[in-house]
Number of protein chains: 2
Amino acid sequence: MTLSLDDPWLVREQGVDASCLGSTESVFALANGYVGMRGTLDEGDPRHAPGTFMSGVYETHPLAYPEGGYGHPEEGEAMVGVADGSAIRLLVDGVPLDVRSPALQHHERVLDLRAGTLEREVLWRAASGALVRVRSNRLVSLTQCSVCAIRYEVAVLEGSARVLARSGLVVNESPPEIENDDPRVGATLDAPFEALAPGRERAVGGLLVHQTRRSKVRVAAAVEHVVGTDSDVAAAEIEEGLARADAGLTDTDAAVDRDTGVRAGDGPPPVTQEADPPPDASVRTEVEPDRIVTSAVVDLRAGQRLVLVKHLGHAASDESSADTLTELALAALTDSVALGWDELARRQRAFLDDFWRECDVELDGDPELQVAVRYCLFQLLSSAVCIDDAPLGAKGLTGSGYSGHTFWDIEGFVLPALTLLRPEAAARLLGWRSGRLDLARERADVLDLQGASFPWRTISGREVSAYWPASTAAMHVNADIARAFDHWSNATGRPVEEVGGLGVLVETARLWISMGNTDTDGRWHLFGMTDPDEYTGVVDDNVFTNLMAQRNLRVSAQLCEADAQQAARLGVDADEIARWHETADAVYVPWDEARGVHPANEGFTSYREWRFSQKTDRYPVQEHSHYAKIYRRQVLKQADLVQAIWWCRDAFTPEQVAADLEYYEARTVRDSSLSAAVQAVVCAQADHVDLAYAYAREAALVDLRDVNGDGAKGLHLASIAGSWFAIVAGLGGLREDHEVLELAPHLPSALTRTAYRVHWRGRLLFVETTAQGTTVSLPRAGDEPVDVVVDDRTLRVTPQEPARAPLKQPAPLRATPTQPAGREPRA
Amino acid sequence: MTLSLDDPWLVREQGVDASCLGSTESVFALANGYVGMRGTLDEGDPRHAPGTFMSGVYETHPLAYPEGGYGHPEEGEAMVGVADGSAIRLLVDGVPLDVRSPALQHHERVLDLRAGTLEREVLWRAASGALVRVRSNRLVSLTQCSVCAIRYEVAVLEGSARVLARSGLVVNESPPEIENDDPRVGATLDAPFEALAPGRERAVGGLLVHQTRRSKVRVAAAVEHVVGTDSDVAAAEIEEGLARADAGLTDTDAAVDRDTGVRAGDGPPPVTQEADPPPDASVRTEVEPDRIVTSAVVDLRAGQRLVLVKHLGHAASDESSADTLTELALAALTDSVALGWDELARRQRAFLDDFWRECDVELDGDPELQVAVRYCLFQLLSSAVCIDDAPLGAKGLTGSGYSGHTFWDIEGFVLPALTLLRPEAAARLLGWRSGRLDLARERADVLDLQGASFPWRTISGREVSAYWPASTAAMHVNADIARAFDHWSNATGRPVEEVGGLGVLVETARLWISMGNTDTDGRWHLFGMTDPDEYTGVVDDNVFTNLMAQRNLRVSAQLCEADAQQAARLGVDADEIARWHETADAVYVPWDEARGVHPANEGFTSYREWRFSQKTDRYPVQEHSHYAKIYRRQVLKQADLVQAIWWCRDAFTPEQVAADLEYYEARTVRDSSLSAAVQAVVCAQADHVDLAYAYAREAALVDLRDVNGDGAKGLHLASIAGSWFAIVAGLGGLREDHEVLELAPHLPSALTRTAYRVHWRGRLLFVETTAQGTTVSLPRAGDEPVDVVVDDRTLRVTPQEPARAPLKQPAPLRATPTQPAGREPRA
């Protein structure tokens, strides 16, 4: 996959590489948090894994263990693709358009981050010699949650051709990618939907209403087409097309002049040339139980074109009736048709204009990183803007990787980023999580523990992980989830109970109390935990987990003290709060005196060293070595000790940060996309600014450059959010976990200026750093003045007067850390 | 299941309890190590899990993981039942004999430990009023490995009846009990055999030749019947039968007078009463691909009987051709027919006479324990006497529990017992294991370790465990296996290389070297191990594992030094041996100074205590609590620290033994049948003699009293062997791991005398203990004199002069240990 990343707002693919269709399907996926569409080619083939997904739409399947055990989940869950309306197959003189054919003369796709659309241009030389141009433009509406729309235009530039477009809405044709060999799982997920009613034709299109067979989630999907023809292809366009066709596919430098493209609205445009009236297209719709296909066929001469606007409406729920969902889908569809393509596109752009005004990050000096970070922001927004009462999967709605499950890293990275960027979206996601508190209580009960134990992976809220050493043992997820709640409360200045957070904080505190043990030495321990690292498992006194539990206990105590009435309703009394404080104070944090570093867990630094230099071709490590070995070697997938330095920063002195970072940098292989952002933040904290910048690039480009080679399964949302933190908390040194927002700006040698926006306690802050220093301003009229700390100095910011601080020169305590051979930051 | 255990040589069941058919099928299973037959009722129904098994006959199946990982075995293995000839269905006047029917008047089964046969007597009142007596007698020959035989007799005692016996040989009708939910596993194992040739009729019977579909193990099974009738039922027998029928099923006290039973040979006995010639039986055989059935039908009047002797020959191999196996099966069958039932039975008894002469244990004062220990010895012999180039499964050939896999406890308990009882059988089993060294080398390579890593569970020699925390992490199996080799060498006085042991010792030593790590403190650690306990997993510096590794390294070094030439051929030089010694000397053994006990592993004593009193109904613990919890709580399935006291006794002072035993007794729930014997041995060592005796009873009665409720799956061979150690190494204080055999005899208050025999360096020793003291003699003429240590005094024993020592009074250092509530020794 080679994408052009030279424009600050465009992600551009020129030509088409069939070997990386999967990752481009992910990169060009469009979504709004309610519905999402993979970036498949319009004609559906070739393809890697097509699919339209909706948040909360999943199927269950049996989980069979070759050697099971008590409390192992018996039902799995997998996000399944709903009725997919992405495909519009094209036949030119009866020959299907296929990008693998030598008839292809030109191919380009552009994701426009300001427009919020995926545009495509194809030139095709028919056997007759006719030259046909296809332009499509797709959007998943950020303003109308249930709406997707595609404007599809076929123009004949030379000669004449008969063109036939077949536009489908198809269910049960995009089985998810699964890693479970059990044939019952494949059988369940291959065609998970049953029709609740026969497919129904209506207007130029139709309606499908289906239900998953086991989980009983209902989905209504409706499609309507506005079809027209005209003879308005301008001479200049024709010339340009002919020139491009002559240049052929190799000329990838010839960028599309995007402003000459026709921006025609729905239906036939006003006829301007009386001389050459366009032919009528013949249109018909076929309906089957799992499929609605509308065909439009027309004979076109040079200068004529067929324009088809496809409107799609989706609605899904496991509670609403089929009738209600049908109404919702049709309402969305009707609205979309009424708005028309142009207005949909205008609203999309206007919405994004607002977004960029409030959330943009500017990076002068590195155009590739600039567009990458904007891409990340766009996808972060797209993952969450319309989500409601549903979990956000690790890949959002961009692919079926990880079966669409949500993990702790959503709360760990995505929610804190959304909290500072789109606090209302964060609130809705937190509301989903607190709404699953009863299920987490049930799980704790199964585990014979108190309080609530949140799942490692889930869609419904139930634990569905089938490998307990990396899930049930990873109890840190509870503290990570709790942290997202109190971060939100602290950053917004609003009560945690607004998002149902007090129950979460109380029940996670109770969980820790029931799990840890105070030894005769008076120190409180957590045994048998698996840490975020995942290459060290079932260990005792993991520093990250212990410190996060300590943090959880303290914050829970503080918030209960702050709202004693609400706390009392949850059965919390002064004794219980006192116990949380006492326990937090007693938390044991191992320290290796001999080596002068924190062991990631008790004993870690005495494990055998990993022979990195002899295993340079054995990555990812977990695919080449057995857990039984990895779990007790000094090799880290992601450095949770380093993450602890970020998330539990008050527990580390600067000298410890420097020593720990050096130690773990040398042993972290970063097989997880979660790691680079964390390393960026802490490297910057330790004044290794250029190294931080290198990690920030890796995090931001993880999908655009398919750094991990697994991009086909969907985008890495946590890394996407992490890359924003790599810039803001890394280069910017932002810390939002105390009463006053703190900044510690750095400027890597490659950049001349950074600028970003954050939402903080109801205000919008703009932070700009150049070699001359940092300016913090309140660009929005009416925002209240606020204090910020820059490099340990408290400054007052008012709408009238920005705060300014000089740029501090980095003064690292140690030399730049080194990484295992071949595991330096990539991008 | 209520068995009468009041006769020193008989295990007797009176009546029949359909609710515990499974466990009686196991208890009454007969085997010889090559072939084994479950103790099913002759008529096949009702039944729990019928089956004839052969060692090394297994099928493979896919292992699917809901979340897999590198190095997880992809193929499972399961012992599958071969052609089963146990069934002889009987119809009396067209009505099938069924023990659930009110027509049943009397039912008794007796396993005779001197005869080596399972005898049965049934009285049946036909609808016509006729009284029919069925007597069957089964044996699996201990002298002719491929032979099983059943003598089946139907006599009419009153009235007249038409009797029809259908005797079958059936394949693919006894699917193993599996715990794997994957439907492919069930599908694979339900009918694992395909016919290599059509079933063949020959003589009065026939031949089946089959092959497992995936693993390609071939099995030939042949059957031949000798059928006859006579009118020789004695008047006394008739009278006795009538009386018994009148008494009915409730009169279980009316023991069979076993000496009045007819002991007729094959075929029609000489006719003694001219007056009433017996009718001819009509005999025919039906053949299908998976089934051969021979029917005999005859009208009998009072005093007449049908006698059918069924001879079975089995041969199996994954190497030999079908023709060869056919020849072997037919040869065995021909021989069996030629010998006839009486001679087969005579040889069986003669063989056992020899066995008891050399291996019997006598316990005066506890008749139940007396017969239980003899039962254990009988089943131990039966599991191993004919085994060759095949593994011994945890359940031998008595059931399909644990899929027929062999585990470390065979080497841990069964082999050391066989070494002292039947050293040649032990040698053959060791030979099988050393023959799998290359597969263990391959596994070590997969794990990126040096040397050889033996499987946790296997039939072929390949690792087939699907749950690595309790298998691959349980590296102690390698030391346990190594120990069986050097124990054998030490006890027999023969070179370890005779059983291929040097390679095993060298490669296991190399494994340890590649796995452990010397820390900066100079101490050598093993991290991430799972110990035999199984309720503590993936822990660091487990005392048992560390000490066993130390032992392994030392013994490997010593044996290489003793045979430098052979060692050199394995690439072992002086440097490597030196490294083994140094490493062994550096092994770290954790010690809890505050509590004055060994923690089972680093940190164990600081884990949360288990709330035993609140969980008295939650056993076995693993079925009521999650591993994530159990693994870091102070609850033990079996006390491996206590096992270390036995197996690595030189590492513990008497004070430590007393303190450790007290500590772990209070925390061991004995959910594993392996534990009681170990606790018996160490309780005796700590002079808690009556507690040791109670544990010995539990171990010896585990199957006869179905202590764990899982007897239906097959016998607990390790506990069977362990119960012998509980007597010999526990009450007798025998230790065989040093140069001189050591004894420390105890006499529990319930016993007045113990006596046992052991093979030691080519001699047969007889050890007898009464209140007056202990006598050690050499009963076999020609045995060389030998030294033994009794209670730390070295004594000389010659064939002429036994050694005598007074009985030492127990002087425990601490009070008798207590157990968790409800987990006291059971039986």
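Residues numbered from 1 in each chain as written. Chains lettered and ligands numbered in written order. Predicted model: local features only at pLDDT ≥ 70, side-chain atom pairs only at ≥ 80, totals over all residues. Heavy atoms only, no water.

Novice: Explain the packing of aromatic side chains to me, using residue names and the numbers behind them.
Specialist: How two aromatic rings sit relative to each other is given by the distance of their centres and the angle of their planes. Residues and elements named next belong to chain A. Inspection of every chain in the model, using the stated rule, returns 40 aromatic pairs over all chains. Their ring planes at 75 degrees and their centres at 5.0 Å tell us that Trp-9 and Trp-356 sit as a pair that is edge-to-face. Of the two residues, Trp-9 is situated in the loop between strand 1 (3-4) and strand 2 (10-14) and Trp-356 in helix 4 (residues 322-359); the sequence distance between them amounts to 347 residues. Using a relative accessible area of 6% as the deciding quantity, one classes Trp-356 as buried. A connected cluster of aromatic rings, assembled from ring pairs, spans Trp-408, Phe-413, Phe-544, Trp-646, Trp-647, Trp-724 and Phe-725. Between the NZ or CZ atom of Arg-374 and the centre of the ring of Trp-9, over which it lies, the distance is 3.7 Å. Here Arg-483 stacks its cationic end above the ring of Trp-647, 3.7 Å away from the centre of that ring. (Phe/Tyr/Trp six-rings, centres within 6.5 Å; stacked < 30°, edge-to-face > 60°. Helix = DSSP H or I, 4+ residues; strand = E, 2+ residues; numbered from the N terminus. Buried < 20%, exposed > 50% of the residue type's maximum accessible area, 1.4 Å probe, protein only. Lys NZ or Arg CZ within 6 Å of the ring centre and 35° of its normal.)

Novice: Can you tell me about the interface of chain B and chain A, naming the residues and giving the values?
Specialist: The interface of chain B with chain A comprises 57 residues on the first partner and 57 residues on the second. For the pair chain B and chain A, the summed buried surface comes to about 4,700 Å²; carbon and sulfur atoms form 52% of the total. Three residues, B:Pro66, B:Tyr70 and B:His626, lead the burial of chain B against chain A; their summed loss comes to 16% of the area buried on that side. The interface formed by chain B and chain A includes 12 salt bridges. Across the pair A:Asp519 and B:Arg595 runs a salt bridge whose closest N-O atoms are separated by 3.0 Å. Joining chain B to chain A, the criterion identifies 26 residue pairs in polar contact (both at pLDDT 80 or more). Of all the elements in the fold, those that place two or more residues in the side of chain B that touches chain A are helix 2 (183-190), helix 10 (501-515) and helix 14 (627-630) of chain B. A per-class count over the side of chain B that touches chain A returns 20 nonpolar, 18 polar and 19 charged. (Contact = heavy atoms within 4.5 Å. Buried area = accessible area lost by both parts, 1.4 Å probe. Salt bridge = Lys/Arg side-chain N within 4 Å of Asp/Glu carboxyl O. Polar contact = N/O pair within 3.5 Å; in protein donor to acceptor, adjacent residues only side chain to side chain. Nonpolar A, V, L, I, M, F, W, Y, C, P; charged D, E, K, R; others polar.)

Novice: Run through the sheet that holds strand 4 (residues 35-37) of chain A, naming residues and quoting values.
Specialist: Residue and element names in this part refer to chain A. Taken in spatial order, the three strands make up an open sheet running 3-4-5, and their pairing is antiparallel. Two strands lie at the open edges of the sheet, namely strand 3 (30-31) and strand 5 (52-54), each paired on one side alone. In the sheet, strand 3 pairs with strand 4 via two bridges, with the strands oriented antiparallel. The residue bridging Ala-31 from the neighbouring strand is Gly-36, located in strand 4. (Pairing = 2+ DSSP bridges.)

Novice: How would you explain the pairing of strand 2 (residues 10-14) of chain B if you had to name every residue and give the values?
Specialist: The side chains of a regular strand alternate between the sheet's two faces. Residues and elements named next belong to chain B. Counting buried positions over the five residues of strand 2 gives five, a clear majority of the element. On strand 2, burial covers both faces: Leu-10, Arg-12 and Gln-14 on one face and Val-11 and Glu-13 on the other are all buried. Looking at chain direction, strand 1 (residues 3-4) and strand 2 are connected through two bridges and run antiparallel. Following the sheet pairing, Leu-3 is matched in strand 2 by Glu-13. Linkage of strand 1 to strand 2, two consecutive antiparallel strands, is achieved through a turn of five residues. The pairing of strand 2 with strand 10 (residues 104-112) spans five bridges and is classified as antiparallel. Following the sheet pairing, Glu-13 is matched in strand 10 by Arg-109.

Novice: Could you give an account of the pairing of strand 8 (residues 88-92) of chain A, with specific residues and numbers?
Specialist: Residue and element names in this part refer to chain A. Judged by which residues are buried, strand 8 turns out to be one-sided: Ile-88, Leu-90 and Val-92 face inward and are buried, whereas Arg-89 and Leu-91, on the alternate face, are not. Judged from the two bridges that link them, strand 8 and strand 9 (residues 95-96) form a sheet pairing that is antiparallel. Looking across to strand 9, one finds that Val-92 is bridged to Val-95.

Novice: Just give me the short version of the sheet that holds strand 32 (residues 793-797) of chain A, but keep the residues and values in it.
Specialist: Residues and elements named next belong to chain A. Read across the sheet, three strands follow the order 27-31-32 without closing on themselves; strand pairing throughout is mixed. Two strands lie at the open edges of the sheet, namely strand 27 (741-743) and strand 32, each paired on one side alone. Within this sheet the neighbouring strands show an average axis-to-axis angle of 35 degrees, counted without direction. (Axes fitted to C-alpha atoms, helices over the stretch in contact; angles between N-to-C directions.)

Novice: Explain the relation of the copies chain B and chain A residue by residue, including any values.
Specialist: By a simple turn and slide, chain B fits onto chain A: the slide is 0.1 Å along the axis, the RMSD is 0.0 Å, and the turn is 180 degrees. Taken together, the turn and the small shift mark the pair as related by a two-fold rotation axis. A shared binding surface is used by both copies, with 100% of the interface residues of chain B retained as interface residues in chain A. (Least-squares fit on C-alpha atoms with pLDDT ≥ 70 in both.)

Novice: Any chance you could break down the pattern of salt bridges for me, citing the residues and the numbers?
Specialist: Residue and element names in this part refer to chain A. Overall, the coordinates contain 136 salt bridges over all chains when judged by the stated rule. For the salt bridge of Arg-133 with Glu-153, the shortest nitrogen-to-oxygen distance reads 2.8 Å. With Arg-133 in strand 12 (residues 131-140) and Glu-153 in strand 13 (residues 147-158), this pair connects stretches of sequence that are 20 residues apart. For Arg-133, a relative accessible area of 2% puts it in the buried group. Via salt bridges that share partners, Glu-121, Arg-133, Arg-135, Arg-151, Glu-153, Asp-230, Glu-237, Glu-240, Arg-244 and Arg-305 belong to a single interconnected network.

Novice: Go over helix 7 (residues 423-434) of chain B, please, and point to the residues and values.
Specialist: Residue and element names in this part refer to chain B. Over its 12 residues, helix 7 extends 16 Å from the first C-alpha to the last, a length consistent with the 16 Å expected when each residue adds 1.5 Å. Buried residues dominate helix 7, accounting for nine of its 12 residues. Residues Pro-423, Ala-425, Ala-426, Ala-427, Leu-429, Leu-430, Trp-432, Arg-433 and Ser-434 constitute the buried set of helix 7. Tucked into the core, helix 7 has its buried residues touching helix 5 (367-384), helix 6 (408-421), helix 8 (437-446), helix 9 (476-492), helix 10 and strand 28 (753-760). (Expected span 1.5 Å × (residues − 1).)

Novice: Help me get a handle on the environment of B:Gly603, residues and values and all.
Specialist: All names here are of chain B. By secondary structure assignment, the location of Gly-603 is in the loop between helix 13 (574-586) and strand 25 (608-609). Of the residues examined, Gly-603 reaches a relative accessible area of 22% and is grouped as partly exposed. Gly-603 sits 29 residues away from Arg-632 along the chain, and the two C-alpha atoms are 9.3 Å apart.

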